[in-house]
Amino acid sequence: MTERKKIYYHLAGLFVVALALRIIYLLLAIDQSGMDKLWNWAPDTNLYWALGEHMFTDPSVVSFGLFRVGPGYGAILASIRFLFGPDPIWAILFSVLMGSLAPVIIYLLAYNLFRSYRVALIAGTIAAFSQTSISMSCSILTDQPYFTLQAAALLTFVVGYNRSRLKWLVAAGLISGLATLVRPSGQFWPFIFLFLAALAPVWGIYKSRFHMFKRVGITGAVMLLITVGWSFRNYVVHDVFTFGSNGIMTVNACLIAQVISQNPGQGSIGDLRRTWEAEDWNAENDYATSYARAQARALRVLSDYTRRSIKAYWHNVWENMTDINYYSQRQLAPPNNFIENLNAGIRRWVNPTLAFLTVIGLLLLLVQRRYFAALLLGTTYAYFSLVLGFSFWQGSRLHYPAEMAWSIILAYAASELATWTHRWFLQIKSRSATG
C-alpha cells in the first residue's frame, strides 16, 4: 500500500467514525431533550442566531452583537439560513461536519510534524472520540468551527514552514483570521505566528534566520491585517479601536467580579455582573463610552488588588483545565449517581493527569530535539491554557481549543512508549535466547 493510499484510508476512517459518533449523539440529544430545547439552551446561541438572522438584511438591529463578537459566525449562520432555510438543524449539522473534519485535520497536522502514521492516527482518534468535541459539535456555538479552522491554520502553517511555500503561509494567515472573526479569543494569534517565525529552527531550505522570518512571518502579517482591519472598522463605526467588546466584558463579568466579590458587602459575582452591565452597556452610553468605562474598571481593580487578582487568575486556569463537560448534562438526560461519580473522577484524576502528561510529553519532545514540534504545540497549548484565567463556569468547553495541541503531544508520547516497550521485550527475548 502506498503512503498516500494509507493516509487516505486513515482519514476516511477517522471522518466516518467521528461523523457516526456525532450523529448518534445528536439523535440521542434530540430524543432526550427535544429539538426546541437542544438548539437554543445556551445564552450565547441567541446572540449568534440573531446575527445570522439580521446581519445581511438589517445590520443595525445587531450592531452591538457585531461589536461584541465579530461578524464571522453570524455570516456563516446567515449563509446557512439563505441556502437551507431557518430550521436550526442545518446550523447544527454544519457544526457536526466541522467536528467530523477536526480529527482529519489533527491527523494531518500530526503527520506533517512527525511523519508517523501511528502518532497521527492516535491523535486523530483522540479528537474523534473527544467528549467535549462531540458535545460542541451538536451546538450552535463558535467552539467547534473555531477549533477546526484554527487547527487547519496550524496545519497550513506547518506545511508552509516545511516547504517554504508562500501560498501555504498566506493561507494559514487567512484561515486563522477567519477563525478569529468567528471567535475573538484568537485575536492575539498574529503575534504567536510572528513569535514562531522568529524562533523556529532554521534548516537547509532557508538561507538564514532573517530569510526564514521574512517568509514564515507572512502568516502573522496576513492575520494581523485581518484583526487590525476589523478593529479599524469598529473605530470608524463606533469610535473605539478594538477587535470587540467580548473580551473586556468577560474580564469584568468573571475575573474582576470574582476579585471584588471577596470584599464584604459588595455582593455576589452575579450581583456585580448585573450591576456593571447596567452601568456600562446601557442605551445612554455609546459603545466607546461603554468600552472605556468597562476597561477603566478592570484596570483599576487589577491595580488595586494585584495580588488577589493573580491568585484568582491562576485558580481559574487550573479549575478550567481540570473541569468536566457541563454542556453534555444539558443536552442529554440529567446526570445520575454513576455520571456524578464519573465526573468527579474526571475532575480529580483524569484531567489533571492529562495536563501532567502533556508537560511530560513536551519535555520528551525537547529531549529528543523535536524543537519545532515542541515550539508549535507548546505555544498552542500555553496560549489556550493561559486565556482560561479570565473566565469560568463553562466547563471543559473553555479548554477545548488546547486539544489541538495536547492530543498530538500525548499521541507522540504514547507512540514513543510503545516503541520503547517493544524494544525492551525484544532485548529480554534476545537475552533469554542467548542465555
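Here goes a summary of the coordinates provided. Owing to the predicted nature of the structure, the values given are computational and were not obtained by experimental measurement.

Calculation criteria
The numbers attached to residues start from 1 for each chain and follow its sequence in the written order. For a predicted model such as this one, the threshold for reporting local features is a pLDDT of at least 70, and the threshold for listing and counting side-chain atom pairs is 80 or more; totals across whole chains, interfaces and linings nevertheless cover every residue. Hydrogens and water molecules were not included; the side-chain quantities draw on all heavy atoms of the structure. A carboxyl oxygen of Asp or Glu within 4 Å of a side-chain nitrogen of Lys or Arg is what we treat as a salt bridge. Helix and strand definitions here come from DSSP, where helices need a minimum of 4 consecutive H or I residues and strands a minimum of 2 consecutive E residues; each element is numbered from the N-terminal end. For the exposure calls, accessible area comes from a 1.4 Å probe over protein chains only, and a residue counts as buried if that area is under 20% of its type's maximum, exposed if over 50%, partly exposed in between. Only Phe, Tyr and Trp rings take part, Trp by its six-membered ring, and two of them pair if their centres are within 6.5 Å. Stacked means planes under 30 degrees apart, edge-to-face means over 60, and tilted covers everything else. Charges are assigned to positions over rings by a cutoff of 6 Å between ring centre and Lys NZ or Arg CZ, combined with an angular limit of 35 degrees from the ring normal. By the counting rule applied here, Lys and Arg register as positive and Asp and Glu as negative, while His and the ends of each chain are not counted. The term polar contact refers here to a pair of N or O atoms within 3.5 Å; inside protein, the definition further demands a hydrogen-donor-capable atom paired with an acceptor-capable atom, and it admits residues adjacent in sequence only when both atoms are side-chain atoms. Contacts between residues were defined by any pair of non-hydrogen atoms, one from each residue, lying within 4.5 Å. Expected span of a helix: the number of residues minus one, times 1.5 Å.

The next subject is the pattern of salt bridges. One pass over the structure, following the stated rule, counts 10 salt bridges. Of the charged contacts, one joins Asp44 and Arg397 as a salt bridge, the two residues approaching to 3.7 Å between their closest N and O atoms. Taken as a pair, Asp44 in helix 3 (residues 43–54) and Arg397 in the loop between helix 20 (371–386) and helix 21 (403–434) lie far apart in primary sequence, 353 residues in all. With relative accessibility at 3%, the residue Arg397 sits in the buried group. Here Asp271 ties to Arg274 by a salt bridge, and the two come within 2.8 Å at their closest N and O atoms. Placement of the pair is Asp271 and Arg274 together in helix 15 (residues 269–280), with a separation of 3 residues, close to one helical turn. Taking relative accessible area as the criterion, Arg274 reaches 55% and is therefore assigned exposed.

On to the packing of aromatic side chains. Evaluation of the coordinates by the stated rule reveals 25 aromatic pairs. Between Trp203 and Tyr206 the ring centres are 6.5 Å apart and the planes differ by 85 degrees, which places this aromatic pair in the edge-to-face class. On the basis of an interplanar angle of 80 degrees and a centroid distance of 5.1 Å, the ring pair of Tyr313 and Trp314 is categorised as edge-to-face. Note on Tyr313: relative accessible area 15%, which makes it buried. Using a relative accessible area of 47% as the deciding quantity, one classes Trp314 as partly exposed. Members of the aromatic cluster, connected to one another through ring pairs, are Tyr146, Phe157, Trp189, Phe193, Tyr383 and Phe384. Cation over ring: Lys6 sits above Tyr117, and NZ or CZ is 4.3 Å from the ring centre. Sitting above the plane of the Tyr327 ring, Arg330 keeps its charged end 6.0 Å from the centroid.

With respect to the element layout, Arg22 can be found in helix 1 (residues 3–33). It is Glu403 that comes nearest to the buried, bridge-free Arg22 among opposite-charge side chains, at 6.6 Å. Polar side-chain contacts of Arg22 include one of 3.4 Å to the backbone oxygen of Gly99. Sequence-distant contacts of Arg22, defined by excluding residues within four places in its chain, comprise Val96, Gly99, Ser100, Ala127, Ala128, Ser130, Ser133, Ile134, Ser137 and Cys138.

So, on to the environment of Pro184. Its location among the elements puts Pro184 in the loop between helix 10 (166–182) and helix 11 (189–199). For Pro184 and Gly74, which are 110 residues apart along the polypeptide, the C-alpha to C-alpha distance reads 13 Å. In contact with Pro184, other than residues within four places in its own chain, are Val69 and Phe243.

We now examine unusual backbone geometry. If you check the backbone angles, Arg115 has positive phi at about 55 degrees while not being a glycine. Within the secondary structure, Arg115 sits in the loop between helix 6 (89–114) and helix 7 (117–129).

Taking 1.5 Å of rise per residue, 17 residues should cover 24 Å, and helix 17 (residues 306–322) covers 25 Å from first to last C-alpha, within 8% of that figure. Each element contacted by the buried residues of helix 17 is listed here: helix 14 (246–260), helix 16 (287–304), helix 19 (337–367) and helix 20.

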